[in-house]
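# Coordinate inspection notes
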Amino acid sequence: MHALISRLYKIPRSITGKGFRDSLDIIDESVGGILERFSIPSGTQVYDWRVPPEWVINDGYIITPDGDKICEFKKHNLHILNYSAPIDMRLSLDELKQHIYTIPHMPTAIPYVTSYYERRWGFCMSDEQLGSLKDGEYHAFIDSKFKEDGELNYAQIIIPSTIKNDKEILISAYLCHPQMANNELSGPAVWCELVKFVKNLKHRRYNYRFVIAPETIGSICYINRNFETLKSKVVAGFVLSCIGDDRDYSVVLSPDENSLSDIATLHTIKHITNNPKIYPFLYRGSDERQYNTPNLNLGITTICRSLFGEFDEYHTSLDDLDFVTPTGLEGGFNYARNLIENLEINTKYQLATTCEPNLGSRGLMSTLSRSGIHDHTILNFLAYCNGKRSVIEIANILGVEARSLKPIIDKLLEFKLIRDICERD
C-alpha cells in the first residue's frame, strides 16, 4: 500500500483532468484491470451543481526581484492554487501578497487551497517563505487553462454475492487531491487491498459496490447516475478517508446513528482499539455528506485513522510520505477488513433444537466435566440464537468480536444445530 501511494504521490490531481485519469490507470493496474470507468461532460447540470470545465495545469512559479524561482509547481503541486486561472504578469510585492495563501500558525507548511467554482489565480507557500520576501518587482506565472469540452471521471467495481442476494455493501474512496498522502492516497490504497480481499472471499453474503471518484462533485455525479440502485440495494457501507497514519482510529457516524453501518462500525472499532474516536455526523467532511443526504440516507459511516481536520498535517504539505506509514496503513486495512468480516457474519440464527443440544456427542465440547475450565462461548452463543438477534448483537452481549465467532458458527451449521433465517439458497 505504501509503495502504491509513493507511485501516486506526485501526480498532479484535481477534481478533473489528466492527473486523475493517470491515477486511475495505476489504481486499475493494482486491482487487476477490472475498473469500470465513466465520464460526465463539463457543463452538465447535476442536481444543484454543474460539472466544472476540466482544469489543465502545466507549470507555475514566481520569479523574485533577485531572479530566483520560487513556488514551483513542478517541485510541489500545492504551490499553485488548485483550479487557478492562468497569469503572466509583473507586479509589486504588495500586489502579489493579495494572491498568496499561507498558514500563519504553521509557519513551515504549504497549505492546500482550491477555487473550483470561481475563477481566481494564486500561489501557496509557507508563512516563513512569505516573511522572507523583500520589496521589488515579481513575475507571477501560471500556465493553466480550462477545457469547456472536458469531463469529470469516476470508476467502480461490482463484486457479486455468492448467494442469491441483491443487497449491497458500498465502499467509497476519493482521488482528487494533489501531493498529499494520508488525506488523499491512504483511502485509495486501502480500497485497492479491500477489492482483492473481497474478491478472494469464498462466501460473500453481499454484493460489493466499490466506488472511487473526485470528492464531493464526483460522489454527487455518481449518486445522480445511480440513485435508484443505491436507494434500493445498499444496506450498509463506508467511506475511506485519512486511514494511513499511526495515531487514532476514528469513525463519523451517520445522521441517525442507528444504521447497520453504525452498528457494525461501532462494534468493529471498539475491538481494534481501546481508545476509539467516535464522532457524530456534525463532524462530517467527506463523501458521507452526499451518501447520507436526506433524500437518499444510506446510513453510511466514514472510517479513518486520524479524522480529517483533527490532525495538524491535514490539507498541508506536511501530509507527506513520512506521515503515512506501512504500519498505519496495515492498521487502517485491518480496521476496514474486520468491518467487512463482521458485516458478512452478521445474520440471524435460530437454534434448531429444543433445549441445549448435546455438543459433547459431536465433539464440540469436552465430555469430561471439570470445574472452572469450560469455555462456554458456544453455549452462550446458542442461548441467544432466537432468530431475532443478529450475530453482532449476540457478540456484544458476550463481549467478543462477531467475526471471532465464525469457527463456532461454521461447526454449528455443519451439524445443523442452527439455521440461518436470512440466507437464501
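Every value quoted in this text rests on a predicted model; they were computed, and no experiment measured them.

Turning to the packing of helix 5 (residues 182-199) against helix 9 (residues 326-345), a few remarks are in order. Across the interface, helix 5 lies against helix 9 with an axial gap of 10 Å and an inter-helix angle of 45 degrees. Judged by the inter-axis angle, helix 5 sits oblique to helix 9. Helix-helix and strand crossings are classified by hand; for helix 5 and helix 9 the assignment is right-handed. Touching S186, V190, E193, L194, F197 and V198 of helix 5 are L329, G332, F333, A336, R337, I340 and E341, all from helix 9. Residues belonging to the contact of helix 5 with helix 9 are distributed by class as follows: eight nonpolar, two polar and three charged.

What follows deals with the environment of G43. In this fold, G43 is placed in the loop between strand 1 (36-41) and strand 2 (45-46). Placed 216 residues apart in sequence, G43 and S259 show a C-alpha to C-alpha distance of 35 Å. Dropping the residues within four chain positions of it, G43 is found in contact with R50 and V51.

Further remarks concern the side chain of N338. Checked against the element boundaries, N338 lands in helix 9. N338 sits in the buried class, given a relative accessible area of 5%. When residues no more than four places from it in sequence are discounted, the contact partners of N338 are T268, I272, E401 and R403.

Bringing the pattern of salt bridges into the picture now. Under the counting rule described, the total for this entry stands at 20 salt bridges. Close ionic contact of K196 with E193 constitutes a salt bridge, the shortest N to O distance being 2.9 Å. Within this pair, K196 and its partner E193 are both found in helix 5, separated by three residues, close to a single helical turn. We classify K196 as partly exposed; its relative accessible area is 29%. Note that D420 is salt-bridged to R205, the shortest N-O span being 3.1 Å. With D420 in strand 19 (residues 418-420) and R205 in the loop between helix 5 and strand 12 (207-213), this residue pair connects regions lying 215 residues apart in the sequence. The class of D420 is buried, set by a relative accessible area of 15%. Given a relative accessible area of 7%, R205 falls into the buried group.

Turning next to the packing of helix 2 (residues 18-31) against helix 5. Remark: helix 2 packs on helix 5, axes separated minimally by 9 Å, with the N-to-C direction vectors making an angle of 30 degrees. The orientation of helix 2 relative to helix 5 falls into the category roughly parallel. Once helix 2 is placed against helix 5, the crossing between them reads as right-handed. Taking contact as the criterion, the partners of I27, S30 and V31 in helix 2 are, on helix 5, P188, W191, C192, V195, K196 and K199.

Here we take up helix 5. For helix 5, built from 18 residues, the straight-helix expectation of 26 Å at 1.5 Å per residue is met to within 8% by its first-to-last C-alpha distance of 25 Å. Counting buried residues in helix 5 gives 15 out of 18 residues, a clear majority hidden from the surface.

What follows concerns the nonpolar core. Counting residues in hydrophobic clusters, the biggest one holds 73 residues, and the most contacted among them are I171, W191, L194, F210, L240, F381 and L412. When residues in this core are grouped by element, the largest group, nine residues, is from helix 5. Listed in part, the 45 residues of the second largest apolar core include V46, I80, L91 and W121.

Take the sheet that holds strand 6 (residues 87-92) next. Ordered in space as 5-4-9-6, the four strands form an open sheet in which the pairing is antiparallel. Every interior strand has two partners, whereas the edge strands, strand 5 (69-70) and strand 6, have only one. Of the pairings in the sheet, the one linking strand 6 to strand 9 (residues 137-147) comprises six bridges and is antiparallel in character. If you follow S92 over to strand 9, its bridge partner there is E137.

As a general point, the strands of a sheet are linked pairwise by backbone hydrogen bonds and lie either parallel or antiparallel. What the three strands build is an open sheet, ordered 18-17-19; its pairing is antiparallel. Looking at strand neighbours, the two that pair on one side only are strand 18 (386-390) and strand 19, the edges of this open sheet. Direction aside, the axes of adjacent strands within the sheet are offset by 30 degrees on average.

Another aspect to go through is the pairing of strand 17 (residues 348-351). Here strand 17 shows one buried face, formed by Y349 and L351, and one open face, formed by K348 and Q350. Here two bridges tie strand 17 to strand 18, and the two strands are oriented antiparallel to one another. Looking across to strand 18, one finds that K348 is bridged to S390. Here strand 17 runs beside strand 19; their pairing, made up of three bridges, is antiparallel. The residue bridging Y349 from the neighbouring strand is D420, located in strand 19.

This part takes up helix 11 (residues 391-398). Along an α-helix, a turn takes 3.6 residues, which lines up residues three or four apart on a common side. Turning to helix 11, its buried residues are V391, I392, I394 and A395. Viewed along the axis of helix 11, the buried residues span an arc of 160 degrees, placing them on a single side of the element. Buried residues along helix 11 sit in contact with helix 7 (260-272), helix 9, strand 17, helix 10 (377-383), strand 18 and helix 12 (406-414). With its phi angle positive at about 75 degrees, G399 sits one or two positions after the end of helix 11.

It is worth spelling out the side chain of E54 at this point. Relative to the helices and strands, E54 resides in strand 4 (residues 54-63). One polar contact links E54 to R21, side chain to side chain, over a distance of 2.7 Å. Within the structure, E54 has its side chain in polar contact with the backbone nitrogen of E151 (distance 3.0 Å). Not counting chain neighbours up to four residues away, the residues in contact with E54 comprise T16, G17, K18, R21, S42, Y83, K145, F146, K147, G150 and E151.

On to the packing of aromatic side chains, then. Tallied over the full model, the rule gives 17 aromatic pairs. Summarising the aromatic geometry, the rings of Y61 and F141 are spaced 5.1 Å apart at their centres and angled 35 degrees between planes, so their arrangement reads as tilted. Taken as a pair, Y61 in strand 4 and F141 in strand 9 lie far apart in primary sequence, 80 residues in all. According to the relative accessible area criterion, Y61 is buried, its value standing at 15%. Here Y279 and Y283 contribute two aromatic rings whose centre-to-centre distance is 4.9 Å and whose plane-to-plane angle is 55 degrees, an arrangement assigned as tilted. You can call Y279 buried: its relative accessible area is 14%. Among the aromatic side chains, those forming a connected cluster through ring pairs are W49, W55, Y83, Y116, Y117 and F146.

What counts and what doesn't
Residues numbered from 1 in each chain as written. Predicted model: local features only at pLDDT ≥ 70, side-chain atom pairs only at ≥ 80, totals over all residues. Heavy atoms only, no water. Axes fitted to C-alpha atoms, helices over the stretch in contact; angles between N-to-C directions. Helix = DSSP H or I, 4+ residues; strand = E, 2+ residues; numbered from the N terminus. Parallel < 35°, antiparallel > 145°, perpendicular 65-115°, else oblique. Left-handed = near helix turned anticlockwise from the far one by under 90°. Contact = heavy atoms within 4.5 Å. Nonpolar A, V, L, I, M, F, W, Y, C, P; charged D, E, K, R; others polar. Buried < 20%, exposed > 50% of the residue type's maximum accessible area, 1.4 Å probe, protein only. Salt bridge = Lys/Arg side-chain N within 4 Å of Asp/Glu carboxyl O. Expected span 1.5 Å × (residues − 1). Core = buried A, V, L, I, M, F, W, Y, C linked by side-chain atoms within 4.5 Å. Pairing = 2+ DSSP bridges. Arc of directions from axis to C-beta. Polar contact = N/O pair within 3.5 Å; in protein donor to acceptor, adjacent residues only side chain to side chain. Phe/Tyr/Trp six-rings, centres within 6.5 Å; stacked < 30°, edge-to-face > 60°.

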